[in-house]
Amino acid sequence: MERKKYLDLFLTFLKIGAFTFGGGYAMIPLIQRETVDNHGWINNDDVLEIVAIAESTPGPVAINSATFVGHKIGGFWGAVSATTGVVLPSFVIIYAISFVLRQFEELKVIQYAFSGIRAGVLALIIQALVSMYRQYPKDLPAYLIMAGAFAAVALFDVNVLLVIVCCALAGLLSAKLAERRAL
Amino acid sequence: MIYLDLFWTFFKIGAFTFGGGYAMIPLIQSEVTAHGWMTAEEVVNFVAVSESTPGPFAVNASTYVGAQTAGLPGAFCATFGVVLPSFVIILIVAGCLNRFRKSRIVQGCLSGLRPAVIGLIGAAVVTTGKTVFFPDGVSAAVLGTPAFFSAAVIFLLMLFPALKKVHPILIIAASAVLGIASGYLFHIL
């Protein structure tokens, strides 16, 4: 019985991992369909919880959600089964691609294609920047942190991990100050 | 020890990934170029590969870099490294979920991390822009060369459909075709 549950978790998250392109929140509807509608493992409130968790903990959304659902259904080994399942498809595909890419990267046509693709990727990153920027409420501390992180990394080449830690502390500090002012 | 190095590098990347893939481009770029595992151009190429295959960017990048540097064991170590931090954190937090999420310390940190992610994606635009337009270092001499010209035209042509949220795979396919056409037209390489 237990073994079947782990296998089920593994296969379900294998499917989710294989069909989520680009990662991120794109996989939430698929998780909902598989775990709520098809298996009845969790309910819709739990799905909302997954989103909240993915937002407040580090790591890719796919990993966070698989670990969370797996743990909820089958404890530690459930978490292992689901997380292995969600990672495996991209692992296999990328591992295979790494050979193909190396084989063809000397070809002129591939180099030309990638010179165009890099320009297209720049457009995609700008799109992500614009939609992220629109999504979040903005106030003065947020603007300062945004500008500070940008300048530190893009202009002054500061270590990104250091920048992330400092921004978290700055957020904490400004929240504390706002609290004190409200008293 | 290459395996440990791969594990530790991607462990750090996994532990500090907030808000999805693109914010991590500057970090991944600086880590893998510093180790000599990949060039800045290869990282940008890989963003396109990752967009066209299943899986999150950080996980795909770890598998790819690991495989290129140290074969199957390398891919395994790097991917294990990138997955481990979120796995462990979720297991720890799962027991006291509501307390964790509503904690004022967590809320405060997140209020700083959200704008930081936007700043980091802005930095990704700059580092990627340098790779696209000035692959050999920023200099005025590049301006007006066929390579610069075709990159600029392709970028501008793709910007509008990208902002209109045309699917990334379509953008990548179209810019590949344009890249091939202008490559043979101008004999860029």
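Everything quoted here is computed from the prediction, not taken from an experiment.

(A) A look at the overall build of chain B. What chain B contains, in helices and strands, is eight helices and zero strands. Counting from the amino terminus, helix and strand elements in chain B follow one another as α-α-α-α-α-α-α-α. In terms of overall dimensions, chain B has C-alpha extents of about 60 × 40 × 30 Å along its principal axes. When each of the 189 residues of chain B is scored for burial, the buried share is 53%.

(B) Seen up close, the overall build of chain A. From N to C terminus, chain A includes seven helices and zero strands. Reading chain A from its N terminus to its C terminus gives the helix and strand order α-α-α-α-α-α-α. Expected size for 183 residues packed as a compact globule is a radius of gyration near 16 Å; at 21 Å, chain A overshoots this value by more than 25%. C-alpha extents for chain A along the principal axes are approximately 60 × 55 × 25 Å. The buried share of chain A, reckoned over its 183 residues, is 44%. Pairs at least 24 apart in sequence give 49% of the contacts found in chain A among residues at least 6 apart.

(C) Looking closely at the domain arrangement of chain A. Taken domain by domain, chain A holds domain 1 (2-103), domain 2 (105-135) and domain 3 (138-183). Inter-centroid distance (C-alpha atoms) of domain 1 of chain A to domain 3 of chain A is 32 Å.

(D) Geometry of the confidence of the model for chain B. Residue and element names in this part refer to chain B. Averaged over all residues, the pLDDT of chain B is 87; the fraction at 70 or higher stands at 98%. For chain B, the element scoring lowest by mean pLDDT is helix 5 (residues 97-102), at 75; helix 1 (residues 2-15) scores highest, at 93. Here the complex is predicted with pTM 0.86, and the ipTM for its interfaces comes to 0.87.

(E) Region of interest: the environment of Phe46(B). Residue and element names in this part refer to chain B. Position of Phe-46 among the secondary structure elements: in helix 3 (residues 40-51). Since 26 C-beta atoms lie within 10 Å of it, Phe-46 is described here as buried. With 136 residues separating them along the chain, Phe-46 and Ser-182 place their C-alpha atoms 21 Å apart. With sequence-adjacent residues up to four places away left out, Phe-46 is seen in contact with Ala-61 and Tyr-64.

(F) The domain arrangement of chain B, seen in detail. All names here are of chain B. Here chain B is partitioned into domain 1 (2-134) and domain 2 (139-189). Here the C-alpha centre of domain 2 lies 26 Å away from the C-alpha centre of domain 1. Across the contact, six residues belong to domain 1 and eight residues belong to domain 2. Put simply, the parts of the chain that give the side of domain 1 that touches domain 2 at least two residues each are helix 3 and helix 6 (104-133).

(G) Highlighting the interface of chain B and chain A. On the side of chain A, 79 residues touch chain B, which itself brings 92 residues to the contact. Elements that contribute at least two residues to the side of chain B that touches chain A include exactly helix 1, helix 2 (25-34), helix 3, helix 4 (57-94), helix 5, helix 6, helix 7 (146-163) and helix 8 (168-186) of chain B. Counting residues per element, the side of chain B that touches chain A draws most heavily on helix 6 of chain B, which supplies 28 residues. A breakdown of the residues in the side of chain B that touches chain A according to their chemical character gives 60 nonpolar, 26 polar and six charged.

(H) How the structure looks around helix 7 (residues 160-182) of chain A. When the terminal C-alpha atoms of helix 7 of chain A are compared, their 33 Å separation across 23 residues agrees well with the 33 Å that a helix rising 1.5 Å per residue should span. Burial in helix 7 of chain A covers these residues: Val160(A), Val163(A), Ile164(A), Cys167(A), Ala168(A), Ala170(A) and Gly171(A).

Thresholds applied
- Residues numbered from 1 in each chain as written.
- Chains lettered and ligands numbered in written order.
- Predicted model: local features only at pLDDT ≥ 70, side-chain atom pairs only at ≥ 80, totals over all residues.
- Helix = DSSP H or I, 4+ residues; strand = E, 2+ residues; numbered from the N terminus.
- Buried ≥ 20, exposed ≤ 12 C-beta atoms within 10 Å, placed from the backbone.
- Rg over C-alpha atoms; globule rule 2.2 N^0.38 Å.
- Contact = placed C-beta atoms within 7 Å.
- Domains from an automatic or database assignment.
- pLDDT = per-residue confidence, 0-100.
- Nonpolar A, V, L, I, M, F, W, Y, C, P; charged D, E, K, R; others polar.
- Expected span 1.5 Å × (residues − 1).

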